[in-house]
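Listed below, chain by chain, are the residues.
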Amino acid sequence: MFPSCYSKPSGNGGKKSSWAKLLLGVFVVYMLHTAWLLYSFLNNKPCDGGELCITSYLAARPRLQMSVFTCLVPDNSHLNLALKVDPFNPQSSFERQVAVSVPEETRANGSLYAVVYVHKAGVSPLEDNREVHYSAKLTTYFAATASEERRTSRKPKPVSHWRPHLSVIMMSESFSFNKGGVPSDVRRFMRVSKNERQVTYLPLLMVNELSFRVRDLMEINSSSVQLPLTVSYEGISLRRFRFFVQLQDMVYSLRQFGFTEENVDEIKETLVGSNLYLLVLTALITSLQLVCEFLALKNDISSWRGKSSMVGMSRKTVLWRSFSTLLIFMHLLEETSLLVLIPIGLGAFVEVWKVFKVYKIKLQWKGLTVNKMDDEEKKTVEYDTQASRYLSYLVYPLCISGAIFSLAYLRQKCYFSWLLNTLVTGVYALCFLSMAPQLFINHKDEVCEPPAGAVLVYRGVNTLISDLCYTASFFNPSLSLTSSHQLCCFRDELFLLLYLYQRRKYGLKSRRRDSGTQSKKLKTQ
């Protein structure tokens, strides 16, 4: 986690710092844009009146009816009535259980749609020129999970599944918009009705996709003649309607980035179960962590590129960090999206590059070449071996006992999955010990002069934020964190304090040593 104590700073600091300034500028612009969106959500000013206003159709309190139809194709033909709510009060909420007849085409691995109409009571929605409707799929194609695919050793075929819950929301607030000030997220749901004096917008209707969960799906087979459907309705304000629109757009973007449906379900539960202010705080924390991690990685690469000598650098620490990062990358390879895998994979590549750097391995056309070490570097390797031997007295018993403890789950998993999960759990729980050899070398040499203090600051902030979030899981049951994450809470703070103590104690001595060496060189010249 921490930089070496002996490396020299690179001479291209001015050019490289511009990238950090550019990234910080983009981050500031993003946060200002987010703040502007939040301001527009919280400050929806109604129109004062006049010809420039668009009034709500619900302000006249018309007698309405809600009709839910099913069809194979979402059009106005071949509609089958599934639910009728008359009279329909937009201000109220309800939940109804209905049995939907499943056509033969749907049972043969086909699709089925639901079309929700809000129209005048006693009039067919096809004859009402002021009706509003919204269509949504009642079926979705879902394949087997990755574990089932490995067990069957063949790629599963997507099968049509039934979505047993249809959640309908509508803006029931009688809000008047300015003609030139209709928000873009509202405009795409808005239909207007014009007459000689004024312009009226029809009810804003939408199906809430955030209520859909993968675990609720029911597989459709040839015997599924009728399937249950729960239709729920809720009238919401303009602010909540816009909030739901933004959240559904964000969920759609996550799917485009490669998130699996299971990952999306976890995000949905977090979004639906939290209020607006908590979501804003979570977005700020996540953005800050991403920026800090990127800046730390950039400074770490810059620092290691300028290393000409590996004196005082623990080889075992670098090798362990490379192994642990690659292990976590393999563990997440089949469980997360590309948006998460890309930064983890980039970090793993950098850690492998450090291994080649610290062992002085160079790739050439003739093959691999290993440069020889000088006397000071050999002394560092001796200290590193001594520290690793002391550390093995603690690590080996813990790893063996953890592996034996996890044998109870071997019957439910294959050997490779058991081995990978056991190793990842060990990395999560014991990764903080990887810094011990470096601290031991610093203590023996009595030298600790970090050239890349920014790496220490950025990753220190990230570690502190992560540990505070993980600690909150002990007091908030809704934060479902794994035991591995809970075990690694506060994993770096103790060694961070020891490192800062060494930097304060040995830093002045190292500067004197450098100045003395430089004065001797000047006298020799």
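Now for a quick tour of the structure. Nothing here was measured: the structure is a model prediction, and the numbers come from that model.

Definitions and limits used
- Residues numbered from 1 in each chain as written.
- Predicted model: local features only at pLDDT ≥ 70, side-chain atom pairs only at ≥ 80, totals over all residues.
- Heavy atoms only, no water.
- Helix = DSSP H or I, 4+ residues; strand = E, 2+ residues; numbered from the N terminus.
- Areas by Shrake-Rupley, 256 points an atom, 1.4 Å probe, with all protein chains shown as cover.
- Disulfide = S-S within 2.5 Å.
- Buried < 20%, exposed > 50% of the residue type's maximum accessible area, 1.4 Å probe, protein only.
- Pairing = 2+ DSSP bridges.
- Axes fitted to C-alpha atoms, helices over the stretch in contact; angles between N-to-C directions.
- Polar contact = N/O pair within 3.5 Å; in protein donor to acceptor, adjacent residues only side chain to side chain.
- Salt bridge = Lys/Arg side-chain N within 4 Å of Asp/Glu carboxyl O.
- Core = buried A, V, L, I, M, F, W, Y, C linked by side-chain atoms within 4.5 Å.
- Patch = residues over 30% accessible without salt bridge, like charges linked within 9 Å, V, L, I, M, F, W, Y side chains within 5 Å.

## Some points on the overall build of the chain
Consideration 1: Scanning the chain from N- to C-terminus turns up 15 helices and 17 strands.
Consideration 2: Total accessible area on the chain stands at roughly 30600 Å², and carbon and sulfur atoms take up 59% of it.

## Concerning the state of the cysteines
Consideration 1: Under the definition given, this model contains one disulfide.
Consideration 2: Across the disulfide from cysteine 47 sits cysteine 53; the S-S distance is 1.7 Å. Between cysteine 47 and cysteine 53 the disulfide shows an S-S torsion of about -65 degrees. By sign, it is left-handed.
Consideration 3: In this structure cysteine 53 comes out as buried when scored by relative accessible area, which is 5%.

## Some thoughts on the sheet that holds strand 15 (residues 226-236)
Backbone hydrogen bonds are what pair the strands of a sheet, in a parallel or an antiparallel way.
Consideration 1: Read across the sheet, four strands follow the order 4-15-9-13 without closing on themselves; strand pairing throughout is mixed. Pairing within the sheet leaves two strands with one partner each, and these edge strands are strand 4 (93-101) and strand 13 (205-207). Taking the axes of each pair of neighbouring strands and ignoring which way they run, one obtains an average angle of 25 degrees across the sheet.
Consideration 2: Here strand 9 (residues 165-171) runs beside strand 15; their pairing, made up of seven bridges, is parallel. By the bridge assignment, methionine 171 is partnered in strand 15 with isoleucine 236.

## Here we look at the environment of histidine 165
Consideration 1: Secondary-structure assignment places histidine 165 in strand 9.
Consideration 2: Sequence separation between histidine 165 and aspartate 216 is 51 residues, and the spatial gap between their C-alpha atoms is 8.5 Å.
Consideration 3: Within the structure, the side chain of histidine 165 is placed 3.1 Å from the side chain of serine 232, a separation counted as a polar contact.

## Describing the pattern of salt bridges
Consideration 1: Per the counting criterion, the structure on display carries nine salt bridges.
Consideration 2: Its salt-bridge partner being glutamate 209, residue arginine 163 comes within 2.6 Å of it at the nearest N-O pair. Placement of the pair is arginine 163 in the loop between strand 8 (159-162) and strand 9 and glutamate 209 in the loop between strand 13 and strand 14 (218-219), with a sequence separation of 46 residues.
Consideration 3: In this structure, lysine 354 and glutamate 351 form a salt bridge, with 3.6 Å as the shortest nitrogen-oxygen distance. Here lysine 354 pairs with glutamate 351, and both are found in helix 9 (residues 338-358), just three residues apart, close to one helical turn.

## Notes on the pairing of strand 1 (residues 53-56)
Consideration 1: As paired strands, strand 1 and strand 10 (residues 177-178) are joined by two bridges and run antiparallel to one another. Bridge pairing links cysteine 53 to asparagine 178 in strand 10.
Consideration 2: Pairing of strand 1 with strand 12 (residues 199-201), which is carried by three bridges, proceeds in the parallel orientation. If you follow serine 56 over to strand 12, its bridge partner there is tyrosine 201.

## Considering the sheet that holds strand 1
Consideration 1: Strand order in the open sheet formed by four strands is 10-1-12-11, with mixed pairing between adjacent strands. Strands at the two margins of the open sheet, each flanked by one partner only, are strand 10 and strand 11 (192-194).

## Some words on the nonpolar core
Consideration 1: In this structure, Met66, Phe88, Val118, Trp162, Leu166 and Leu229 are the most contacted members of the largest nonpolar core, which totals 31 residues.
Consideration 2: Residue assignment for this core shows that the elements contributing at least two residues are strand 2 (64-71), strand 3 (80-88), strand 4, strand 5 (113-120), strand 6 (132-137), strand 9, strand 13 and strand 15.
Consideration 3: Here this core takes four residues from strand 15, the largest share from any one element.

## Quick look at a nonpolar patch on the surface
Consideration 1: A cluster of nonpolar residues, Trp36, Leu37 and Tyr39, forms a patch on the protein surface that exposes about 340 Å² of accessible area.
Consideration 2: Position of tryptophan 36 among the secondary structure elements: in helix 1 (residues 13-42).
Consideration 3: Take tryptophan 36: its relative accessible area is 56%, and that puts it in the exposed class.

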